[in-house]
Amino acid sequence: MKEQRVFSLYKKFVIPCYKQYPLVIARGKGVKVWDIKGKKYLDFFPGWAVSGLGHCPPKVMAAIRKQSQIILHIPNNYYNQLQGELAKKLSMISFGGKCFFCNSGAEANEAAIKLARLYGKNENQHEIISMENSFHGRSLATLTLTGQKKVKKGFSPLPGGFKIVPFNDIKSIQNAITKKTVAIFLELIQGEGGINVAKKDYLLSLRKLCDQKKILLIFDEVQTGMGRTGEFFCYQNFGILPDIITLAKTLGGGFPIGALIAKNKIADLMGPGTHASTFGGSPLACSAALAVIETIEKEHLLENVKRMGEYLRKKLEDLKKKYSFIKEIRGLGLMLGLELKISGQGIVEKALKNGLLINCTQEKILRIMPPLTVSKKEIDTAIAILDKSIRNEIF
Ligand SMILES: *Cc1c(COP(=O)(O)O)cnc(C)c1O
């Protein structure tokens, strides 16, 4: 099919809710994708970290192929051994506890909101505090939880019971907590918000505060989870324990799956009939997620993230020395951002033309999140293209 044909199909038949680049992706392998005309690109932003192990990760492809010959779907009113195995594995690599499975990040956060409300002592204790510049999804509850005006515009009336405070500011939280508060909800590194990293002493204070007030600490690890920061979960970099975490994106290695992990006592509040997801934890999705975890462990990808994260960061620091309009490099592991003094959109477009896919968020922050499998050579190539794209853009 010709590129123009795809554009015209979209124009006529697809609801235009996405801002799109004129690129039709046809296939992918590892850190590379090819467009419909056969041109190759290095993908340093694979689907907001969905393809976190690169495109077509062999073990995940094999698991899906195998499971698809056995059974695709098992309804949740019967037992499915793969869901049990995946729950055990996630519990073991995190803080213990139990899992609920769904199909996306928003759905995982929606489940966390409902679980927090069940945890409230009475109807009055239901309020959840979240952060400015956060992003938690596009369902009505999760966009209300999200600390960005632009995602809420046009969707009033929004559900009640949410309060938003500045990020990394313990005083505002102390002031915001009332008898109504039931949970504090945050990303440890704000992804859409511009790679803003939580401070360790802030998190330690939050944990203490939650223990004192007997309220829940919930981390949205949809983007930071599954190895992105050099640990399976980002909270493991900080030496604190949450009560609930939510996952999606890399969890299925490209196959849709979301999950919530909660400490046992909290998890058991969700008794039969309180929550459900028809497709949640299907054998196909669970086989993919199990293969993702196995790949991360067997191929020592957490080590690779630490080493390549450091290497990429150093290369980006070199670019910063070269271009005075690069203000700051920040992030953790392979979740890195370059804050610019100028708009980043032009650079992203030049990079695309030059064969490198990256992202720009909050207008001035370039976001770079290559697959956990990325090599030094691929980083060198990407940096050369980025350098060239910056030169194309400013001169
Ligand atoms: C992407 C994302 C979500 C939403 O996930 P969907 O699968 O699009 O619903 C929620 N939280 C964070 C931190 C995300 O990055």
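Residues numbered from 1 in each chain as written. Predicted model: local features only at pLDDT ≥ 70, side-chain atom pairs only at ≥ 80, totals over all residues. Heavy atoms only, no water.

## With respect to the layout of surface pockets
Selection criterion: Both site types are read off a 1 Å grid over the protein atoms alone. A 1.4 Å probe that fits but cannot get out defines a cavity, while an open set with protein on both sides within 12 Å along at least five of seven lines defines a pocket; lining residues have an atom within 4 Å of a point. Grid points are joined across faces, edges and corners, and a volume is the space filled by probe spheres set on the points. By definition, any uninterrupted DSSP run of H or I lasting at least four residues is a helix, any uninterrupted run of E lasting at least two residues is a strand, and each is numbered from the N terminus. All amino acids are sorted into three groups, where Ala, Val, Leu, Ile, Met, Phe, Trp, Tyr, Cys and Pro are nonpolar, Asp, Glu, Lys and Arg are charged, and the leftover types, Gly among them, are polar.
Space inside the second largest pocket adds up to approximately 780 Å³. Mapped by element, the contributors of at least two residues to the lining of the second largest pocket are helix H3 (81–93) and strand E4 (98–102). Residues belonging to the lining of the second largest pocket are distributed by class as follows: 12 nonpolar, 11 polar and 2 charged.

## Points about the nonpolar core
As a rule of thumb, nonpolar side chains are buried together in soluble globular proteins. The criterion, for reference: Nonpolar core, defined: a set of buried Ala, Val, Leu, Ile, Met, Phe, Trp, Tyr and Cys residues in which side-chain atoms within 4.5 Å join the residues together. Each residue is placed in one exposure class: buried if its accessible area under a 1.4 Å probe, protein chains only, is under 20% of its type's maximum, exposed if it is over 50%, and partly exposed if it falls in between. Where a domain begins and ends is set by an automatic assignment or by a domain database. By definition, residues are in contact when any of their heavy atoms lie within 4.5 Å.
Membership of the largest hydrophobic core comes to 92 residues, with the highest contact counts inside it found for Phe44, Leu90, Ile173, Ile184, Leu186, Leu203 and Leu316. Counting residues per element, this core draws most heavily on helix H9 (residues 283–298), at 9 residues. For this core, the two domains that each supply at least three residues are domain 1 (3–56 + 300–394) and domain 2 (71–298). For Leu186, the residues in contact, after removing those within four places along its chain, are Met131, His136, Phe167, Tyr202, Leu203, Leu206, Leu217, Ile218, Phe219 and Asp220. Cys102, Ala108, Ile244 and Ala267 belong to the second-largest nonpolar core, a separate cluster that totals 23 residues.

## Overview of the site of the ligand
So the rule is basically this: The rule for a residue being near a molecule or strand is that one of its heavy atoms must lie within 4 Å of it. Pairs of N or O atoms within 3.5 Å make up the polar contacts considered here, provided that, within protein, one atom can donate a hydrogen while the other can accept it, and that residues adjacent in sequence are counted only when both atoms are side-chain atoms. Only the protein chains shown count as covering a residue, and every accessible area follows the Shrake-Rupley method with a 1.4 Å probe.
Residues in contact with the ligand, as listed here, are Ser104, Gly105, Ala106, Asn109, Phe135, His136, Gly137, Glu187, Asp220, Val222, Gln223 and Lys249. Gly105 is positioned with one of its backbone polar atoms (N or O) 2.8 Å from an oxygen atom of the ligand. Between an oxygen atom of the ligand and a side-chain N or O atom of Gln223, the distance comes to 2.7 Å. Considered on its own, the ligand offers 380 Å² of accessible surface; in the complex 81% of this is hidden by protein. Looking at which element gives the most residues to the shell around the ligand, the answer is helix H4 (residues 105–119), with 3 residues. Among the residues forming the shell around the ligand, the class breakdown is 3 nonpolar, 6 polar and 3 charged.

## Some remarks on the packing of aromatic side chains
Just so we agree on the cut-off: Working definition: rings of Phe, Tyr and Trp (its six-membered ring) pair if their centres are within 6.5 Å, and the pair is stacked with planes under 30 degrees apart, edge-to-face with planes over 60 apart, and tilted otherwise. Cation placement over rings: the criterion is NZ of Lys or CZ of Arg within 6 Å of the ring centroid and within 35° of the ring normal.
This structure, assessed with the given rule, holds 6 aromatic pairs. Measuring from centroid to centroid gives 5.1 Å for Phe45 and Trp48, while their planes differ by 70°, and the two rings are edge-to-face. Residue Phe45 is classed as buried on the basis of its relative accessible area, which comes to 8%. Measuring from centroid to centroid gives 5.7 Å for Tyr323 and Phe325, while their planes differ by 40°, and the two rings are tilted. What links up through ring pairs into an aromatic cluster is the set Phe95, Phe232, Phe233 and Tyr235. The ring of Trp34 is capped by Arg27, whose NZ or CZ atom sits 4.3 Å from the centre of that ring.

## Overview of the domain arrangement of the chain
Reports often express the size of an interface as the amount of accessible area lost when the parts come together. This is how the line gets drawn: Buried area is calculated as the accessible area (1.4 Å probe) missing from two parts once they are joined, with the contributions of both summed. Salt bridges are defined by distance alone: a side-chain nitrogen of Lys or Arg within 4 Å of a carboxyl oxygen of Asp or Glu.
Taken as a whole, the chain is organised into domain 1 (3–56 + 300–394) and domain 2 (71–298). The distance between the C-alpha centroids of domain 1 and domain 2 comes to 26 Å. Counting from both sides, the interface comprises 27 residues of domain 1 and, opposite them, 32 residues of domain 2. Surface buried jointly by domain 1 and domain 2 totals about 2,400 Å² across both partners, of which 60% is contributed by carbon and sulfur atoms. In this structure, Arg367 and Glu192 form a salt bridge, with 2.9 Å as the shortest nitrogen-oxygen distance. For the pair domain 1 and domain 2, the number of links is 19 residue pairs in polar contact (both at pLDDT 80 or more). For the side of domain 1 that touches domain 2, the element with the most residues is helix H10 (residues 301–322), which contributes 4 residues.

## What about the side chain of Asp220?
Counted only if it meets this: Think of it this way: Lys and Arg go in the positive column, Asp and Glu in the negative one, and His and the chain ends go nowhere.
With respect to the helices and strands, Asp220 occurs in strand E10 (residues 216–220). Buried charge without a salt bridge: Asp220, with Lys249 as the nearest opposite-charge side chain at an N-O distance of 7.2 Å. Engagement of the side chain of Asp220 in a polar contact is seen with the side chain of Asn109, the distance being 2.9 Å. Once residues within four sequence positions are removed from consideration, Asp220 is found in contact with Asn109, Phe135, His136, Phe185, Leu186, Glu187 and Thr246.

## Structural notes on H4
Quick reminder of the rule: By this rule the span expected of a helix is its residue count minus one, scaled by 1.5 Å.
Here H4 contains 15 residues, and its C-alpha end-to-end distance of 21 Å stays within 8% of the 21 Å for a straight helix at 1.5 Å per residue. When H4 is considered as a whole, its buried residues turn out to be Gly105, Ala108, Asn109, Ala111, Ala112, Ile113, Leu115 and Ala116. In this structure Ser104 caps H4, since a side-chain oxygen of it lies 3.3 Å from the backbone nitrogen of Glu107.

## Topic: the UniProt feature "modified residue: N6-(pyridoxal phosphate)lysine" (unreviewed entry) in the chain
Applicable threshold: UniProt positions are given in the numbering used here, feature names are shortened, and annotations may be inferred rather than shown by experiment.
UniProt feature "modified residue: N6-(pyridoxal phosphate)lysine" (unreviewed entry): in the numbering of this structure it lies at Lys249. Relative to the elements of secondary structure, Lys249 occurs in the loop between strand E11 (244–247) and strand E12 (258–262). Setting aside residues up to four positions removed in sequence, Lys249 forms contacts with Gly47, Trp48, Ala49, Val50, Val222, Gln223 and Ile257.

## Structural notes on the packing of H10 against helix H12 (residues 376–394)
Under the convention used in this document: Only the stretch in contact is used when fitting a helix axis, every axis being a line fitted to C-alpha atoms; angles between N-to-C directions are given from 0 to 180 degrees. Each angle gets one of four labels, with under 35 degrees taken as roughly parallel, over 145 as roughly antiparallel, 65 to 115 as roughly perpendicular, and the rest as oblique. Helix crossings get a hand from a simple test, with the near helix turned counterclockwise from the far one by less than a right angle marking a left-handed crossing and a clockwise turn marking a right-handed one.
Where H10 contacts H12, the two axes come as close as 10 Å, and the packing angle between them is 20°. Between H10 and H12, the interaxial angle falls into the category roughly parallel. Between H10 and H12 lies a crossing of right-handed hand. Where H10 approaches H12, its residues Met308, Tyr311, Leu312, Lys315, Leu316, Leu319 and Lys322 are matched on the opposing element by Lys376, Ile379, Asp380, Ile383, Leu386, Asp387 and Ile390.

## Observations concerning helix H2 (residues 58–68)
Quick note on the threshold: The reported arc concerns the directions from the helix axis to the C-beta atoms and nothing else.
Buried residues of H2: Val60, Ala63 and Gln67, and no others. Axial view of H2: buried residues confined to an arc of 60°, hence all on one face. Residues of H2 that are exposed and angled more than 90 degrees away from the buried face: Pro58, Arg65 and Lys66. Check the buried side of H2 and you find it contacts H3 and H9.

## Quick look at empty space enclosed by the protein
Enumeration over the complete set of coordinates arrives at 1 cavity of 30 Å³ or more. Of the volumes computed, that of the largest cavity is approximately 30 Å³. What lines the largest cavity is simply Phe44, Leu312, Leu356, Ile358, Ile368, Ala382, Ile383 and Leu386. No other element matches the 3 residues that H12 contributes to the lining of the largest cavity.

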